[in-house]
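Residue-level structural notes
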Amino acid sequence: MVFQISQDQIGQRIAELRKRKQLSQEDLAKMVGISRPSLTQIELGKRSLNIMELQKFGQVLGFSLDDFMSEKFSLDALDYSEEKKEKRATSRISVPSLKAGKMRNILLYILEHCAGKPNVGETVLYKLLYFSDFNYYELYEEQLTGASYRKLPFGPVPQNLDIIINDMIESEQIQRLRTEYHGYPQTRYIPLVKADLTEFKASEKEVIDRVIEQMSDWSASAVSNYSHKDIPWMVSKDGEEINYELAFYREPPFSVRNYEEDDAL
């Protein structure tokens, strides 16, 4: 079962990190652009945070969303040495960092094309996102949404997507529907606004379109079984994060890059 963090826990963790950084409530409030009373309400668990606000806190307090929302969160785990930071900064492969705005638009774009298909519930949607992300990374060695995926029984699942989805529901960008499909419960999402296509590079749109064309008519079981044969999922341990670098070890039909052409350049 995926761990769900409560509003009280979010407030407590922010308070702990603020104190570790030796910041007053007034100092932190100014740095993230909110009022001191609002920060007090957040730390008391009486005010919720949307994904954009949470990312601002992450930038100031020095945490990633994946670490912060994890069940195993601890201050010690976030207290990295300067040596590790330098090593990470010089690494060829960047650590995934969720691009909330890009993820919103990609969700809207996929739903615009697929929401009318009765097979496209959460399971299919998650796999369309996964293959869009990993295909783009294999091709261009750059993050598309920056989402982190974990190996779960029904295939790779994007982490902390529920935060973005709930925020989109509250802002009336999408609507959640609970229904049944072939006798099984299904959660579906309907877009209420259009994606901002100016947010996409031509290469990004092309990769997403190919994934939609290939897989959006597949059943949840078919797309899950297919993802189980993809090298990144196969070699990862149960429950652990799937490393994007594993996309470079793919073989046909999963590989989307012509490595022979690369070698010839």
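For every chain, the first residue of the written sequence is number 1, and numbering continues from 1 along that sequence. Side-chain atom pairs in this predicted model are given and counted only at pLDDT of 80 or more, local residue features only at pLDDT of at least 70, and totals for whole chains, interfaces and linings cover all residues. Heavy atoms throughout the structure, all of them, feed into the side-chain values; hydrogens and water do not.

1. Here we look at the packing of helix 9 (residues 122-140) against helix 11 (residues 202-215)
Contact geometry of helix 9 with helix 11 gives a least axis separation of 9 Å together with a crossing angle of 135 degrees. Put simply, helix 9 runs oblique to helix 11. In this structure, helix 9 meets helix 11 at a crossing whose hand is right-handed. For the pair helix 9 and helix 11, contact is made by L128, F131, S132, N135, Y136, L139 and Y140 and by S203, E204, V207, I208, V211 and M215, respectively. Its residues assigned to classes, the contact of helix 9 with helix 11 comprises 9 nonpolar, 3 polar and 1 charged. Every angle, taken between N-to-C directions, lies between 0 and 180 degrees, and every axis is a line fitted to C-alpha atoms, over only the stretch in contact when it is a helix. Counting from the N terminus, the helices are DSSP H or I runs at least four residues long and the strands are E runs at least two residues long. Between 65 and 115 degrees an angle is taken as roughly perpendicular, under 35 as roughly parallel, over 145 as roughly antiparallel, and anywhere else as oblique. Handedness of a crossing follows from how the near helix is turned relative to the far one, being left-handed for an anticlockwise turn of less than a right angle and right-handed for a clockwise one. Note on contacts: a residue pair qualifies if any of its non-hydrogen atoms lie within 4.5 Å across the two residues. Amino acids outside the nonpolar list (Ala, Val, Leu, Ile, Met, Phe, Trp, Tyr, Cys, Pro) and the charged list (Asp, Glu, Lys, Arg) are all regarded as polar, and Gly is one of them.

2. Some words on the confidence of the model for the protein chain
pLDDT is a per-residue confidence score from the predictor, ranging from 0 to 100. Scored by pLDDT, the protein chain comes out at a mean of 86, with 88% of its residues at no less than 70. Taken element by element, the protein chain is modelled with least confidence in helix 7 (residues 82-89), mean pLDDT 40, and with most confidence in helix 11, mean pLDDT 97. Taken together, the stretch residues 80-94 has pLDDT below 50 and engages in 12 contacts with residues farther than four places along the chain or on a different chain.

3. Some points on the nonpolar core
Here the nonpolar core consists of buried residues drawn from Ala, Val, Leu, Ile, Met, Phe, Trp, Tyr and Cys, with membership extended through side-chain atoms lying within 4.5 Å. Note on classification: 1.4 Å probe, protein chains only; a residue is buried when its accessible area is under 20% of the maximum for its type, exposed when over 50%, partly exposed between these limits. I14, F57, F68, L107, I110 and I164 are the most contacted members of the largest nonpolar core, which totals 67 residues. At 10 residues, the largest contribution of residues to this core is made by helix 9. If near-sequence neighbours (up to four positions away) are discounted, I164 is found in contact with I51, L98, A100, M103, R104 and L107.

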